[in-house]
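Below are the chains, spelled out letter by letter.
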Amino acid sequence: MPDQKSIAHNFDLAKLPSDYVANPYPYFATLRQHAPVHRMPDGSYFLTRYDDLVSVYRNPKVWSSDKKIEFKPAMGDSALYEHHTTSLVFRDPPDHTRLRKLFQAAFTPRAIANLEPRIEKLVDGYLDKAEDNGQLDLVEDFAFMLPVEVVCDMLGAPSSERNSIRDWSQAILGGLEPVLTDGAREKGSEAVDHFKSFLRDLIRQRRANPTSGESGEVLSALIEAEEDGEKLTELELLHQCIFLLNAGHETTTNMLANGIHELLTNEEQLSKLHQNPALVESCIEEVLRFDSPIQLNNRRALEDTELGPVKIPAGSKVHLSIGGGNRDPERFDEPDRFDIERTNNKHLAFGAGVHICAGNTLARVEGRIAYSKLFFRFPELHLSGPVVRSPRVRFKGFSNLPAMIR
């Protein structure tokens, strides 16, 4: 069996070991100890220290989020390339600053407050159905359903389209995996085309009948949003809407499912939550730290720079291991212990700096309502069969969590 130094030296995102997806954290610990700024065979670097991640996140003048160079070889001139190089998350200031200000219309305090009654109603409906059936799949019937319904409401999209939206989203986000096959590129590009056609019809309807306001619908606000006399172009509007639909449900689904699984397999922590419902908010933060729904981000060095003693040449790509940073013992006491009473929990699940996730407040609201209602309505909730993990590397979650309510 290889020693720890060999494991760190040979670590390669393009050739991951079979047990990595289920539990990548031992690999991150090994890398932090022996190669915290690890150069992989393709010349990119894998970062696992909290402070290194923060340093990169907070310096966009040195570390670019633009992916035109990185994505071109694998994506070519595809619709998938168009999307991932137009959406907010892969743009640099000042363009990112302009787009984010316009995009914030979707996440004002008023917009989120308007969504809360709908979130409460949705969760109650899922749990009513579960009570009638005596069982549910905590991903398919709960963790997926809630955020996709919410984001459909935000854009005024019919909930009947949620399965199509999920399929398109998974194909598009699959394009961000460390290894992109020709089939995945084609599937992702087809999904972008379908999404754009769907959204053009939706935008046409909304222009004719703007409805933003008390309902929590924000598409009208995105259409009308203006900053210094500039509005979103049609292409920008389409891709920001796709980004909202993708980011607004994929990561929240994973957050909900990861936390539900952790609590149902940790009797001590679940008991603490039952005894003290006020712990739900710190519980959400601990779920985000302990098993982050997004595990990887990437940046490109715009100039020669350094991370610790390691010199990074201009043009180099770095992989930010969010899961690694969130388990760094230099930042968190007993980082491999799940503790819903943890304080000073400044995790990196939503990133940091100018690119911090715009929807983080909404995700926390969804988590608070979902966890509170689920665990207190069904105190005897338990897993009832084998769980199925998602096979993805960048996004960490579950495909199925079968459960009984009593």
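Calculation criteria
- Residues numbered from 1 in each chain as written.
- Predicted model: local features only at pLDDT ≥ 70, side-chain atom pairs only at ≥ 80, totals over all residues.
- Heavy atoms only, no water.
- Phe/Tyr/Trp six-rings, centres within 6.5 Å; stacked < 30°, edge-to-face > 60°.
- Buried < 20%, exposed > 50% of the residue type's maximum accessible area, 1.4 Å probe, protein only.
- Helix = DSSP H or I, 4+ residues; strand = E, 2+ residues; numbered from the N terminus.
- Lys NZ or Arg CZ within 6 Å of the ring centre and 35° of its normal.
- Salt bridge = Lys/Arg side-chain N within 4 Å of Asp/Glu carboxyl O.

K.L.:
Explain the packing of aromatic side chains here, please?
P.N.:
Applying the stated criterion across every chain yields a total of 13 aromatic pairs. Here Y20 and F28 contribute two aromatic rings whose centre-to-centre distance is 6.0 Å and whose plane-to-plane angle is 80°, an arrangement assigned as edge-to-face. Overall, the relative accessible area of 3% leaves Y20 in the buried class. Given a relative accessible area of 1%, F28 falls into the buried group. Ring plane angle 80° and centroid distance 5.8 Å describe the contact between Y25 and F28, whose orientation is recorded as edge-to-face. Taken together, the residues Y25 and F28, both in helix α2 (residues 25-34) and three residues apart, mark about one turn of the helix. Through pairs of rings, three or more aromatic residues link up here, namely F11, Y20, Y25, Y27, F28 and F46. One cation-aromatic arrangement involves R289 over F332; the distance from NZ or CZ to the ring centre is 5.3 Å.

K.L.:
Just to check I follow, could you spell out the pattern of salt bridges for this structure?
P.N.:
A side chain of one charge can pair with a side chain of the opposite charge when the charged atoms of the two come close. Under the counting rule described, the total for this entry stands at 31 salt bridges. One salt bridge in this structure joins D77 and K72, with 2.2 Å as the shortest N-O distance. For D77, a relative accessible area of 71% puts it in the exposed group. Given the relative accessible area of 33%, K72 is considered partly exposed. With a shortest N-O distance of 2.5 Å, D153 and R118 are connected by a salt bridge. Of this pair, D153 sits in helix α9 (residues 145-155) while R118 is found in helix α7 (residues 109-133), placing the two residues 35 residues apart along the sequence. Overall, the relative accessible area of 28% leaves R118 in the partly exposed class.

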